[in-house]
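Summary of the model geometry
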Amino acid sequence: LDIAIEEVGIPKSSALQPEYLVASPHRLVPALELDNGTRIGEAMAICRYLEALHPEPPLMGRDPEEAALIDMWERRAELEGMRGVVEMFRNANPGFVDRGLAGWTTPVPQIEQLVTRGQARVERFFGILEDRLGETEFLGGAAFSVADITALCTVDFAKRAAKSEIPPDATNLLRWYEAVSSRPSAAA
Ligand SMILES: N[C@@H](CCC(=O)N[C@@H](CS)C(=O)NCC(=O)O)C(=O)O
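Residues numbered from 1 in each chain as written. Predicted model: local features only at pLDDT ≥ 70, side-chain atom pairs only at ≥ 80, totals over all residues. Heavy atoms only, no water.

**Some words on the overall build of the protein**
Along the protein, the regular secondary structure elements total 7 helices and 2 strands. Secondary structure of the protein in N-to-C order comes out as α-β-β-α-α-α-α-α-α. In terms of overall size, the protein behaves like a compact globule, its C-alpha atoms giving a radius of gyration of 17 Å where 188 residues would be expected to give roughly 16 Å. The principal-axis extents of the C-alpha atoms in the protein amount to approximately 45 × 45 × 30 Å. Residue burial in the protein is summarised as follows: out of 188 residues, 34% are buried. Long-range pairs, those at least 24 residues apart, make up 53% of the contacts in the protein between residues at least 6 apart in sequence. Carbon and sulfur atoms make up 57% of the accessible area of the protein, which amounts to about 11,700 Å² in all. (Helix = DSSP H or I, 4+ residues; strand = E, 2+ residues; numbered from the N terminus. Rg over C-alpha atoms; globule rule 2.2 N^0.38 Å. Buried < 20%, exposed > 50% of the residue type's maximum accessible area, 1.4 Å probe, protein only. Contact = heavy atoms within 4.5 Å. Areas by Shrake-Rupley, 256 points an atom, 1.4 Å probe, with all protein chains shown as cover.)

**Considerations on helix α4 (residues 113–133)**
Counted at 1.5 Å a residue, the expected span for α4 with its 21 residues is 30 Å, and the 30 Å between its end C-alpha atoms agrees. Here α4 has its buried residues at Leu-114, Gly-118, Val-122, Phe-125, Phe-126, Leu-129, Glu-130, Arg-132 and Leu-133. Here the buried residues of α4 occupy an arc of 165° about the axis, which is enough to place them on one side. Residues Gln-113, Thr-116, Arg-124 and Asp-131 are exposed on α4 and point more than 90 degrees away from its buried face. Packing partners of the buried residues in α4 comprise α3 (64–92), α5 (146–162) and α6 (171–181). (Expected span 1.5 Å × (residues − 1). Arc of directions from axis to C-beta.)

**Some remarks on the nonpolar core**
In terms of nonpolar packing, the biggest core is built from 31 residues, with Leu-129, Leu-139, Val-155, Leu-173 and Trp-176 touching the most fellow members. Of all the secondary structure elements, the ones that give two or more residues to this core are α3, α4, α5 and α6. With 8 residues, α5 is the single largest residue contributor to this core. Residues in contact with Trp-176, not counting those within four places in the same chain, are Leu-133, Glu-137, Phe-138, Leu-139, Asp-148, Ala-151, Leu-152 and Val-155. (Core = buried A, V, L, I, M, F, W, Y, C linked by side-chain atoms within 4.5 Å.)

**Comments concerning the pattern of salt bridges**
Tallying each qualifying case throughout the model produces 7 salt bridges. With a shortest N-O distance of 2.5 Å, Glu-87 and Arg-117 are connected by a salt bridge. Taken together, the residues span a long stretch of sequence, with Glu-87 in helix α3 and Arg-117 in helix α4 at a distance of 30 residues. By relative accessible area, which is 12% here, Glu-87 ends up buried. Taking the shortest distance from any N to any O, the salt bridge between Glu-87 and Arg-121 comes out at 2.9 Å. Taken together, the positions of Glu-87 in helix α3 and Arg-121 in helix α4 put the pair 34 residues apart, joining distant regions of the chain. (Salt bridge = Lys/Arg side-chain N within 4 Å of Asp/Glu carboxyl O.)

**Regarding the site of the ligand**
Around the ligand, a shell composed of Arg-27, Leu-28, Val-29, Pro-30, Glu-42, Ala-43, Glu-78, Arg-90, Arg-99, Ala-102 and Gly-103 is seen. Within the side chain of Arg-90, a nitrogen or oxygen atom sits 2.8 Å from an oxygen atom of the ligand. Take Arg-99: an N or O atom from its side chain is 3.0 Å from an oxygen atom of the ligand. Looking at the shell around the ligand residue by residue, the class counts come to 5 nonpolar, 1 polar and 5 charged. (Near = heavy atom within 4 Å. Polar contact = N/O pair within 3.5 Å; in protein donor to acceptor, adjacent residues only side chain to side chain. Nonpolar A, V, L, I, M, F, W, Y, C, P; charged D, E, K, R; others polar.)

**Remarks on the environment of Thr-116**
Assignment of secondary structure puts Thr-116 in helix α4. Judged by its relative accessible area of 59%, Thr-116 falls in the exposed class. C-alpha separation for the pair Thr-116 and Ser-182, spaced 66 residues apart in sequence, amounts to 31 Å.

Structure follows, in structure tokens:
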């Protein structure tokens, strides 16, 4: 989809631009601004909006069962995987001192123990992915979906920001990672 992208501060600086924050009480990115001025926050709400406008190819399932399984795995990828990476990243990175939680205006101290706990969550998540991808080609089932997109972002962020690599013996996960990373959209 051809959508104009405007950088408003993350990740290039340590804070979001004041002009952006004026109309963003949640103080988080991303947000999708419609032509009528409506702003949609939350990555998955944005995905759902775009999917409704552009249903082909379907990334959120073709029937209720497929949709539920994709939703289940997408939520696991965010809540179990991405949360762990974020815990590691925000609580260890010197650029995030007093910014332990995103979107807060008051200082939130970093907590060292969350780095270790985040690492444990990421390792557990890699195991969950490895088991699931031994059963199905993609995370949500037989077709590539938004669950794979969130999981790929999680694995890439884990590698880049938290130096957590896929274990070499996780052959199903490595097979999947190679396949989804080489899709033109991911490569771009
Ligand atoms: N649940 C939100 C999470 C948004 C979020 O945490 N965004 C982070 C960066 S990816 C942010 O805006 N951080 C601002 C900050 O650190 O102050 C979503 O899915 O969009």
